[in-house]
Amino acid sequence: MTTTPILVSTRAELAAVLAERRTAGQRVGMVPTMGALHEGHGSLMETARDAVGDGPVVVSVFVNPLQFGAGEDLDRYPRTLDADLELCGAHGVDVVFAPSVSEVYPGGDPQVTVEPGPLGSILEGATRPGHYRGVLTVVAKLFGLVRPDVAVFGQKDYQQLVLIRRMVSDLCLGVEVIGAETVREPDGLALSSRNRYLNEVDRERASALSRVLNRAVRDADHGPEFALGSARAELRKARGVNLDYLVITDPDLGAVPEQGEGRILIAARVGTTRLIDNLPIHFGATASTTTSPNTTEGDS
Ligand code: PAF
């Protein structure tokens, strides 16, 4: 279904366009974004549509200063509202909410923010202190403004998804959170707004991230240690990929399970661009003492 989304930029306009639909008892779906939209976002919009049927789907487009650290890419983060509107229309979105910074933070930096707790300072949070405080604070504010029944986030930023679910549960926000599967290029690279920073050479090199993850997933029958070793062996074949972390956790980012569901996550710098990716990984009953490729080949 193609639409011409209504573009609103103030809280009052947003409330007005949603009031009638809410009164009619329709469920509201939301996809929070920072714009620079791509087909990965398109699939989040489709997921929101499936969840709310005829109800309105709202996409927010807001580059949130609170989640960028000093020296990060806040100023050069791509702002492409016209193209974003087109993509939203192609995916049947009803309302695009694109507020200014002062509309979201009228008093400047907020005095009350959402603390992510211990999960906010590991992995991405270790490299980007304060990042998830900024993410959770703006998501809580956007939830307050849109008051969605359902919100859809990509699994690509898996830690963000886990933290948002946690916030919704711990703070009783009453929003159903759906984590949508990552959309990939044919060579496996996860779609990301930041992929547009990659030059041709780095773009090709970046596909190594998904190969590393997939190698671990293929070897998961031998247990987490072996799978991680396989992933590291694959990584050693990659050129120009500067690893930040490669870890296996349980689905809630806790300790790695010997059996059952886990998650493998990677972050690496390719050229000047920091990329993240992850996959679900399942450890079956055959997990054994098979020698890890990590121990046979050594680490680099
Ligand atoms: O994933 C993003 O695009 C952002 O972190 C989010 C959730 C829109 C908050 O600014």
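Quick summary incoming for the structure in this document. (Residues numbered from 1 in each chain as written. Predicted model: local features only at pLDDT ≥ 70, side-chain atom pairs only at ≥ 80, totals over all residues. Heavy atoms only, no water.)

### A word on unusual backbone geometry
And then number 1: Unusually for a residue other than glycine, leucine 123 sits at a positive phi of about 50 degrees.
And then number 2: By secondary structure assignment, the location of leucine 123 is in the loop between α4 (101–104) and α5 (124–127).
And then number 3: Even without being glycine, arginine 147 reaches a positive phi, approximately 50 degrees.
And then number 4: Within the secondary structure, arginine 147 sits in the loop between α6 (131–146) and β5 (150–154). (Helix = DSSP H or I, 4+ residues; strand = E, 2+ residues; numbered from the N terminus.)

### Some points on the packing of aromatic side chains
And then number 1: With the rule as written, the count across this model stands at three aromatic pairs.
And then number 2: Taking the centre distance of 6.2 Å and the plane angle of 50 degrees together, the rings of phenylalanine 62 and tyrosine 105 count as tilted. Here phenylalanine 62, found in the loop between β3 (57–61) and α3 (81–90), pairs with tyrosine 105, found in the loop between α4 and α5; they are 43 residues apart in sequence, far enough to count as distant.
And then number 3: Among the residues examined, tyrosine 105 registers a relative accessible area of 6% and is labelled buried.
And then number 4: A ring pair is formed by phenylalanine 143 and phenylalanine 153, whose centres lie 6.3 Å apart and whose planes are at 65 degrees; its orientation type is edge-to-face. Here phenylalanine 143, found in helix α6, pairs with phenylalanine 153, found in strand β5; they are ten residues apart in sequence, far enough to count as distant.
And then number 5: Judged by relative accessible area, which is 5%, phenylalanine 143 ranks as buried. (Phe/Tyr/Trp six-rings, centres within 6.5 Å; stacked < 30°, edge-to-face > 60°. Buried < 20%, exposed > 50% of the residue type's maximum accessible area, 1.4 Å probe, protein only.)

### Some thoughts on the side chain of histidine 91
And then number 1: Mapped onto the elements, histidine 91 comes out in the loop between α3 and β4 (95–97).
And then number 2: Taking the relative accessible area as the measure of exposure, histidine 91 reaches 13% and is therefore buried.
And then number 3: At 2.9 Å, the side chain of histidine 91 and the side chain of glutamate 39 are in polar contact.
And then number 4: If we ignore the near neighbours within four places in the chain, the residues touching histidine 91 are Met1, Glu39, Gly42, Met45 and Glu46. (Polar contact = N/O pair within 3.5 Å; in protein donor to acceptor, adjacent residues only side chain to side chain. Contact = heavy atoms within 4.5 Å.)

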